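# Per-entry structural report
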Amino acid sequence: MSDLDIYKKQNFGNRVGFGERTALVIVDFTVGFNDPAHFGGGNIDAAVKRTVGLLAHFRNTGRPVAHTRVVYADDGSDSGVFTIKAPALKTLTETAVIGQIVPELTPVAGELIVRKTQASAFFNTGLAAWLLQRRVDTVVVAGCTTSGCVRASVVDAVGNNLRTIVATDCVGDRAMGPHEANLFDMGQKYADLMARDDIIAALR
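Below you will find a few notes about this structure. (Residues numbered from 1 in each chain as written. Predicted model: local features only at pLDDT ≥ 70, side-chain atom pairs only at ≥ 80, totals over all residues. Heavy atoms only, no water.)

Within a beta sheet, neighbouring strands are joined by backbone hydrogen bonds and run either parallel or antiparallel to one another. Strand order in this open sheet of six strands is β3-β2-β1-β4-β5-β6, and the pairing throughout is parallel. Two strands close off the open sheet at either side, each with one partner strand: β3 (112-116) and β6 (192-194). Sheet twist, expressed as the mean angle between neighbouring strand axes with direction ignored, is 25°. Contacts from helix α5 (residues 146-159) reach β1 (22-27), β3, β4 (138-144) and β5 (163-172) within the one sheet, and its direction differs from that of β4 by about 165°. Sheet strands in contact with helix α6 (residues 176-189) are β5 and β6, and its direction is about 165° off that of β5. (Pairing = 2+ DSSP bridges. Helix = DSSP H or I, 4+ residues; strand = E, 2+ residues; numbered from the N terminus. Axes fitted to C-alpha atoms, helices over the stretch in contact; angles between N-to-C directions. Contact = heavy atoms within 4.5 Å.)

Attention now goes to the side chain of Ser120. Along the polypeptide, Ser120 turns up in the loop between β3 and α4 (127-133). Overall, Ser120 belongs to the buried group, its relative accessible area being 5%. There is a polar contact of 2.7 Å between the side chain of Ser120 and the side chain of Asp156. Sequence-distant contacts of Ser120, defined by excluding residues within four places in its chain, comprise Ala152, Ser153 and Asp156. (Buried < 20%, exposed > 50% of the residue type's maximum accessible area, 1.4 Å probe, protein only. Polar contact = N/O pair within 3.5 Å; in protein donor to acceptor, adjacent residues only side chain to side chain.)

Here we come to the packing of α5 against α6. Packing of α5 against α6 brings their axes to within 10 Å, and their N-to-C directions diverge by 15°. Between α5 and α6, the crossing angle belongs to the class labelled roughly parallel. For α5 against α6, the interelement crossing comes out right-handed. Counting all contacts with α5, which are made through Thr146, Ser147, Val150, Arg151 and Val154, the residues of α6 involved are Pro178, His179, Asn182, Leu183, Asp185 and Met186. Here the residues of the contact of α5 with α6 are counted per class, giving five nonpolar, four polar and two charged. (Parallel < 35°, antiparallel > 145°, perpendicular 65-115°, else oblique. Left-handed = near helix turned anticlockwise from the far one by under 90°. Nonpolar A, V, L, I, M, F, W, Y, C, P; charged D, E, K, R; others polar.)

Before going further, it helps to examine the packing of aromatic side chains. Enumeration over the complete set of coordinates arrives at three aromatic pairs. An angle of 75° between the planes, with centres 5.8 Å apart, marks the rings of Tyr7 and Phe12 as edge-to-face. Here the aromatic rings of Tyr7 and Phe184 are separated by 5.2 Å at their centres, their planes lie at 85°, and the arrangement is edge-to-face. Separated by 177 residues along the polypeptide, Tyr7 in helix α1 (residues 3-9) and Phe184 in helix α6 bring together distant segments of the chain. Residue Phe184 is classed as partly exposed on the basis of its relative accessible area, which comes to 31%. These aromatic residues form a ring-pair network of at least three members: Tyr7, Phe12 and Phe184. (Phe/Tyr/Trp six-rings, centres within 6.5 Å; stacked < 30°, edge-to-face > 60°.)

Keep in mind these values describe shape, not function.
Given below as structure tokens:
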């Protein structure tokens, strides 16, 4: 029996589909996470490039868009256990070049920029309230890393009772093993997995 057969037998992997109003959440596509010399590598740059067209669609159709950045205080006063595990994260301060959103995806007026110190876009941020105010019941998630901040954000999106779609070619990781494993797991337990063009077609 294959891994997929086990999940099917236990009735995992059902589709949640789209609800009435869909928002795009782009997780941590920043300069540093797109640079192998800092936090990047793997397929992250390719995912950034695919996200350009996804973001354009959401903008053109007037749907809500949120971006996230990891941002720590200059003096490290808000750092915690997460930065013990990965100390270089403390370099992602408000003004650090590597902490800025990549130029291709620069936010425009009306788009939320979430500053966070943990993996999830929802943990101790105003994202859930912002989506609720806009009557959003479905989120499409892009960003990096698939095994880290994307996964944490997807789990918490479901925890906030949001239908969740992972744009499979718009998420990336510094290593392909964790990327593939976490896509599989999210697809079985938390989210629908869809390629960018299929998402755009469904929203049309």
